[in-house]
Structures are given as structure tokens and as C-alpha cells.
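# Residue-level structure breakdown
Letter by letter, the chains look like this.
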Amino acid sequence: MSQSSDIQHFNELFNEYYERFIRFALSYVKEQQAAEDFVLEAFTCYWEKRHQLSPDSKPPAYILTIIKNKCLNQLQKQKLQLRVKEELRDHSEWTLNIRINTLEACDPDFLFSDEIQQIIDNTLKRLPQKTRHIFSLSRNQGFTYKEIANKTNLSQKSIEFHISKALYQLRISLKDFIATLILLFLF
């Protein structure tokens, strides 16, 4: 077949099937632009591989197969996206339920019990004096790290270190209560 007859044959094929193939793709993907892209890509693929196809192949069937596969890929991608969104929604719902249950189980009397306060006080007493003083300036008196740094002639990094050290010791001391709280909140 000559180049001009190839082009003429392709133009006839394109003119006869383009709109039909668009409607076919659109009936599945429901997006005009995607349907048009798939059809044009399929025609392009046919044009590029037309000489490699067997003489008894049917060009419309070949092109429609490409469109079908592109639609299938698109729908499978959408299905995966829906599944991921559903899993994220389920996770968000689970997180929300945990927060609701946690708040419902919250007992302020327990949180401010004398026993917990005694553990906090004992832990703070065991801290080095400088760490205890910096922690007190931050938590009890409400100074910012920058203000504490200016007041103590230390760097902000040093203040962060001392606060982190105090919080770490408190977490260790309160770990049994924290574990109990988590169990209470989860159940």
C-alpha cells in the first residue's frame, strides 16, 4: 500500500469510527477528555503499528481493543483510589471514635489525683536543680524558651535540652499511669 493510500485509508477509518469510539469510551470512563484521549491514543498506536499487523486483522477491532484496555486501566485505577479513600475514611472514623471514647473516659479527678501529683513532684525533685528551675520557668510561670534563655544566660538549645530531659523523666515516672489511661480510653 502506498503512503497516500495509507493516509486515505486511515482518514476513512478515523472519520467512520472516531465518534463511535468516543461514545464507547465515554460510556465507561464518564469523562469526555479521557475518552477523547484514549481514542486518539488508540488511533495513533494503530497508525504507528499498522505495518506490523497481520493482513487479515481488522483495524476497528484493533483500535477498539486498545480503547477497551485503556478504559479498563482507568476504571481499575479509580477503583483503587476509591478503596484507598475508603480506607482513609475508615481510619479517620476509627481515630474519631478513639478521640470520642478517650474524652468520654476522661476522669479529671483521676488526672489531678494526689497520687499523680506526688509522682510529678518526686520526679521533679530528682532532676538536677538547673533542669528543675528551667522546667518550672517554662511550665509553672509560662516563660517562652527565648525568655528563659535570656533570664538564665543559656542558649535556646540548652533550654530545649533541659525541658526535653524533664519531660523524658516525667514520661518514665508516669508510664504506668499513661498505660492505664490508654487502656481506659481504648476500652
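These remarks concern the structure in this document. What you see is a predicted model, and the numbers here were worked out from it, not measured in a lab.

Definitions and limits used
Residues numbered from 1 in each chain as written. Predicted model: local features only at pLDDT ≥ 70, side-chain atom pairs only at ≥ 80, totals over all residues. Heavy atoms only, no water. Helix = DSSP H or I, 4+ residues; strand = E, 2+ residues; numbered from the N terminus. Buried < 20%, exposed > 50% of the residue type's maximum accessible area, 1.4 Å probe, protein only. Contact = heavy atoms within 4.5 Å. Areas by Shrake-Rupley, 256 points an atom, 1.4 Å probe, with all protein chains shown as cover. Salt bridge = Lys/Arg side-chain N within 4 Å of Asp/Glu carboxyl O. Bend = angle between axes of the 7 residues up to and from the residue. Core = buried A, V, L, I, M, F, W, Y, C linked by side-chain atoms within 4.5 Å. Axes fitted to C-alpha atoms, helices over the stretch in contact; angles between N-to-C directions. Parallel < 35°, antiparallel > 145°, perpendicular 65-115°, else oblique. Left-handed = near helix turned anticlockwise from the far one by under 90°. Nonpolar A, V, L, I, M, F, W, Y, C, P; charged D, E, K, R; others polar. Expected span 1.5 Å × (residues − 1). Arc of directions from axis to C-beta.

### Structural notes on the overall build of the protein chain
- Counting secondary structure elements, the protein chain contains nine helices and zero strands.
- Counting only residues that meet the buried cut, the protein chain has 24% of its 187 residues in that class.
- Relative to all contacts within the protein chain whose residues are 6 or more apart in sequence, the contacts with residues 24 or more apart total 63%.
- Carbon and sulfur atoms make up 55% of the accessible area of the protein chain, which totals about 13,500 Å².

### Observations concerning the pattern of salt bridges
- Considering all chains together, one arrives at five salt bridges under this definition.
- Across the pair Arg20 and Glu16 runs a salt bridge, and its minimum N-O distance is 3.8 Å. Of this pair, Arg20 and Glu16 both sit in helix α1 (residues 3-29), four residues apart, which is roughly one turn of that helix.
- Arg20 gets classed as partly exposed once you look at its relative accessible area, which sits at 44%.
- On the basis of relative accessibility, which here comes to 44%, the residue Glu16 falls in the partly exposed class.

### Topic: α1
- At Tyr17, α1 shows its largest kink, close to 45 degrees.
- Within α1, burial applies to Asp6, Phe10, Leu13, Tyr17, Tyr18, Phe21, Ile22, Ala25 and Val29.
- Contacts from the buried residues of α1 go to α2 (32-49) and α3 (59-105).

### Comments concerning the nonpolar core
- Phe21, Val39, Phe43, Ile63 and Ile67 are the most contacted members of the largest nonpolar core, which has 20 residues in total.
- Those elements that provide at least two residues to this core are α1, α2 and α3.
- When sequence neighbours within four positions are dropped, the list of residues in contact with Phe21 reads Val39, Phe43, Pro60, Ile63, Leu64 and Ile67.
- Counting residues in hydrophobic clusters, the runner-up holds eleven residues, among them Leu127, Leu137, Ile159 and Ile163.

### Thoughts on the packing of α2 against α3
- Where α2 meets α3, the closest approach of the two axes is 9 Å, and the angle between their N-to-C directions is 135 degrees. In this view, α2 runs oblique relative to α3, as classed from their interaxial angle. Where α2 crosses over α3, the handedness of that crossing is right-handed. Contacts between α2 and α3 involve Phe38, Val39, Glu41, Ala42, Phe43, Cys45, Tyr46 and Lys49 on the former and, on the latter, Pro59, Tyr62, Ile63, Ile66, Ile67, Lys70, Cys71 and Gln74.
- The residue makeup of the contact of α2 with α3, split by class, is twelve nonpolar, one polar and three charged.

### Examining helix α5 (residues 114-126)
- For α5, built from 13 residues, the straight-helix expectation of 18 Å at 1.5 Å per residue is met to within 8% by its first-to-last C-alpha distance of 18 Å.
- Turning to α5, its buried residues number three or more, namely Ile116, Thr123 and Leu124. Down the axis of α5, the buried set is contained in an arc of 100 degrees. They therefore lie on one face. Of the residues in α5, the exposed ones pointing more than 90 degrees away from the buried face are Asp114, Lys125 and Arg126.

### Description of unusual backbone geometry
- Look at Lys30: it is not a glycine, yet its phi comes out positive at around 60 degrees.
- Along the chain, the position of Lys30 falls in the loop between α1 and α2.
- The backbone of Asn153 shows a phi angle near 60 degrees, a positive value even though the residue is not glycine.
- Inspection of the secondary structure assignment puts Asn153 in the loop between α7 (145-152) and α8 (156-173).

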